[in-house]
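# Structural description and commentary
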Amino acid sequence: DAGVIQSPRHEVTEMGQEVTLRCKPISGHNSLFWYRQTMMRGLELLIYFNNNVPIDDSGMPEDRFSAKMPNASFSTLKIQPSEPRDSAVYFCASSTSRQGFYEQYFGPGTRLTVT
Amino acid sequence: GNSVTQMEGPVTLSEEAFLTINCTYTATGYPSLFWYVQYPGEGLQLLLKATKADDKGSNKGFEATYRKETTSFHLEKGSVQVSDSAVYFCALGDSNYQLIWGAGTKLIIKP
């Protein structure tokens, strides 16, 4: 079975550029989570969706960040404009309410470097 | 609010040593508790869970018991291997369907 798929795996961009991270959750999962991981701040929840609807985006750092889930099999996290402090590993995770929101399956992450 | 506190790492052990990674929590009610593991270069994966007091979660030789009286969920393994080297995260499930994460504990196992 395919797990959570994220692309790209690595992204290097210059300050001010737009960055789009992509996620395909596990088929049949109805909750999707975007996390950011840094050494300084650890693992932070940015936003999560349930049945394609954003439920809680209080972790989104600022207006430069936006996330969409147009259908059950695809989500994007966009940063515009990017800044060096956005450098981090971004994880997407999915779960199913049948199994429990807390049993989350993580993708391999996207390592973002903003120079 | 809810919170999770883990022992700071890194924890360095020799192969076949006994492992304990401490985790305590603060929460209203009786949340579900989890241990996740992150191997180098990978995403997190669920290691074990416990949903009520006195439950013991176990997987791959790891165990943790939900202790209500001490608000703890310590991770243990009787004999660690080099392949257990990873970062271990304790977490609780809050009432808003979110996981509250500990800071993570890096485990290094030397042959």
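These numbers were taken from a predicted model, which means no experiment stands behind them.

## Comments concerning the pattern of salt bridges
All names here are of chain A. Using the criterion set out here, one finds twelve salt bridges over all chains in the structure. A salt bridge links Glu-62 to Arg-64; the shortest N-O distance between them is 2.8 Å. A residue is classified by how much of its surface remains accessible, and Glu-62, at 27% relative accessible area, is partly exposed. We classify Arg-64 as buried; its relative accessible area is 10%. For Glu-62, the salt bridge is made with Arg-85, and the minimal N-O distance between the two is 3.2 Å. Of this pair, Glu-62 sits in the loop between strand S6 (53-56) and strand S7 (65-71) while Arg-85 sits in the loop between strand S8 (74-79) and strand S9 (88-95); the two residues are 23 residues apart in sequence, bridging distant segments of the chain. Take Arg-85: its relative accessible area is 55%, and that puts it in the exposed class. Here the residues in one salt-bridge network are Glu-62, Arg-64, Glu-83, Arg-85 and Asp-86, joined through shared partners.

## Quick notes on the environment of A:Ser82
All names here are of chain A. Position of Ser-82 relative to the elements: it lies in the loop between S8 and S9. As for Ser-82 and His-29, which are separated by 53 residues in sequence, their C-alpha atoms are 30 Å apart. With residues near it in sequence (within four places) discarded, Ser-82 still touches Thr-13, Glu-14, Met-15, Gly-16, Gln-17, Val-19, Arg-64 and Val-114. Polar contacts involving the side chain of Ser-82 include one to the main-chain carbonyl oxygen of Glu-14, which spans 3.4 Å.

Parameters and conventions
- Per chain, the residues get numbers from 1 upward, laid out in the order the sequence is written.
- Going through the entries in the order they are written, you letter the chains from A and number the ligands from 1.
- In keeping with the predicted nature of the model, local features appear solely for residues at pLDDT of at least 70, side-chain atom pairs appear and are counted solely at 80 or more, and the whole-chain, interface and lining totals rest on all residues.
- Note: side-chain values were computed over all heavy atoms of the structure, leaving out hydrogens and water.
- Salt bridge, as used here: a side-chain nitrogen of Lys or Arg that lies within 4 Å of a carboxyl oxygen of Asp or Glu.
- Exposure classes here rest on a 1.4 Å probe applied to the protein chains alone. A residue is buried below 20% of its type maximum, exposed above 50%, and partly exposed in between.
- Strands here are runs of E lasting at least two residues and helices are runs of H or I lasting at least four, both read from the DSSP assignment and numbered beginning at the N terminus.
- Whether two residues touch is decided by their heavy atoms; if any such pair falls within 4.5 Å, the residues are in contact.
- Here a polar contact is recorded for every N or O atom pair within 3.5 Å, except that within protein the pair must consist of a potential hydrogen donor and a potential acceptor, and residues adjacent in sequence are included only if both atoms are side-chain atoms.

Keep in mind these numbers describe shape, not what the thing actually does.
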